[in-house]
Amino acid sequence: MSVPFSGALRRSGGIVSAIGKQLKSVNLKGVKRITVQFDPFAENVKSTREFLFLLSTPKVAATNPKCVVKPEVVCDRQPANIKFALIDSAQEQAKVKEIRFNSDNLNTLELLQLCNKHVSSLAPREEITNKVLTKAEKQKLAGGAGGGKKATKKK
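Criteria and cut-off values
Residues numbered from 1 in each chain as written. Predicted model: local features only at pLDDT ≥ 70, side-chain atom pairs only at ≥ 80, totals over all residues. Heavy atoms only, no water. Helix = DSSP H or I, 4+ residues; strand = E, 2+ residues; numbered from the N terminus. Buried < 20%, exposed > 50% of the residue type's maximum accessible area, 1.4 Å probe, protein only. Areas by Shrake-Rupley, 256 points an atom, 1.4 Å probe, with all protein chains shown as cover. Core = buried A, V, L, I, M, F, W, Y, C linked by side-chain atoms within 4.5 Å. Contact = heavy atoms within 4.5 Å. 1 Å grid on protein atoms, 1.4 Å probe; cavity = no way out; pocket = protein on both sides within 12 Å on 5 of 7 lines; lining within 4 Å. Points joined across faces, edges and corners; volume = space filled by probe spheres on them. Nonpolar A, V, L, I, M, F, W, Y, C, P; charged D, E, K, R; others polar. Phe/Tyr/Trp six-rings, centres within 6.5 Å; stacked < 30°, edge-to-face > 60°. Pairing = 2+ DSSP bridges.

K.L.:
Could you give an account of the overall build of the protein, naming the residues involved and the relevant values?
P.N.:
Within the protein, the regular secondary structure consists of 6 helices and 4 strands. The 155 residues of the protein split such that 28% are buried. Carbon and sulfur atoms provide 55% of the accessible area of the protein, an area that totals close to 12000 Å².

Given below as structure tokens:
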């Protein structure tokens with residue numbers, strides 16, 4: 001008698017694909033300013049520097065071109081932290097002025113997950129606007145009236 005198969009049929013994509021998946025859902029529309037403060041000589045600073053790099057990629061920066069990403073390199077042996085200053089509507093929704101992450105013991109994937117959970121969820125919802133229809137589209141919606149060949153009269 002054999003043991004029934006249990007588990008996934010294939011392996012996961014790994015940490016790189018998980019970071020890519022989280023990066024696609026980052027939305028900075030609710031943020032005015034991001035300040036990343038770290039000590040380059042600290043032990044656990046690599047993930048904070050990678051997170052800073054990922055925030056400055058063109059796709060993430062395009063979610064809010066007015067958002068300022070400011071790195072602060074200090075040499076005071078304090079743990080690395082990331083501070084998100086929120087826009088007014090996001091402040092009202094979250095009832096806080098800024099969100100801080102102490103990123104000393106977190107990896108890059110965990111930082112992106114926290115960003116999506118706490119920051120991207122505060123982005124204002126986009127309003128759906130009505131699309132302007134052309135004459136041809138209006139005729140198609142109306143049932144195709146006048147859309148074919150015209151009948152010619154024989155004499």
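K.L.:
A description of the nonpolar core should follow, citing residues and the corresponding values.
P.N.:
A general tendency of soluble globular proteins is for nonpolar side chains to be buried together. Judged by nonpolar contacts, the single largest core of 28 residues is most densely connected at Val31, Ile34, Phe51, Ile82 and Phe84. Counting only elements with at least two residues in this core, the list comes to α1 (15–24), β1 (31–38), α2 (46–55), β3 (81–86), β4 (98–102) and α5 (108–118). When residues no more than four places from it in sequence are discounted, the contact partners of phenylalanine 51 are Ile82, Phe84, Thr108, Leu111, Leu112 and Cys115.

K.L.:
Could you give an account of empty space enclosed by the protein, with specific residues and numbers?
P.N.:
All chains considered together, the criterion is met by 1 cavity of 30 Å³ or more. Of the pockets and cavities examined, the largest cavity occupies roughly 30 Å³. As for the largest cavity, its lining consists of Phe38, Asp39, Ala42, Asn44, Val45, Gln78, Pro79, Ala80 and Asp104. Class assignment for the residues of the lining of the largest cavity results in 5 nonpolar, 2 polar and 2 charged.

K.L.:
Summarise the packing of aromatic side chains; cite the residues concerned and give the values.
P.N.:
Scanning all chains against the criterion turns up 1 aromatic pair. Between phenylalanine 84 and phenylalanine 101, the aromatic rings sit 5.4 Å apart at their centres with planes inclined by 65°, giving edge-to-face as the arrangement. On the criterion of sequence distance, the pair formed by phenylalanine 84 in strand β3 and phenylalanine 101 in strand β4 is long-range, its members being 17 residues apart. An identical accessibility class is assigned to phenylalanine 84 and phenylalanine 101; each is buried.

K.L.:
Just give me the short version of the pairing of β1, but keep the residues and values in it.
P.N.:
The buried fraction of β1 is high, at 6 of 8 residues. Of the strand pairs in this sheet, β1 and β3 are connected by 6 bridges, and their pairing is antiparallel. The residue of β3 that forms the bridge with arginine 33 is alanine 85. Of the pairings in the sheet, the one linking β1 to strand β2 (residues 68–73) comprises 6 bridges and is parallel in character. Looking across to β2, one finds that arginine 33 is bridged to valine 68.

K.L.:
Give me the lowdown on the environment of valine 60, citing residues and values where you can.
P.N.:
Here valine 60 is to be found in helix α3 (residues 58–61). Residue classification places valine 60 among the buried positions, given a relative accessible area of 2%.

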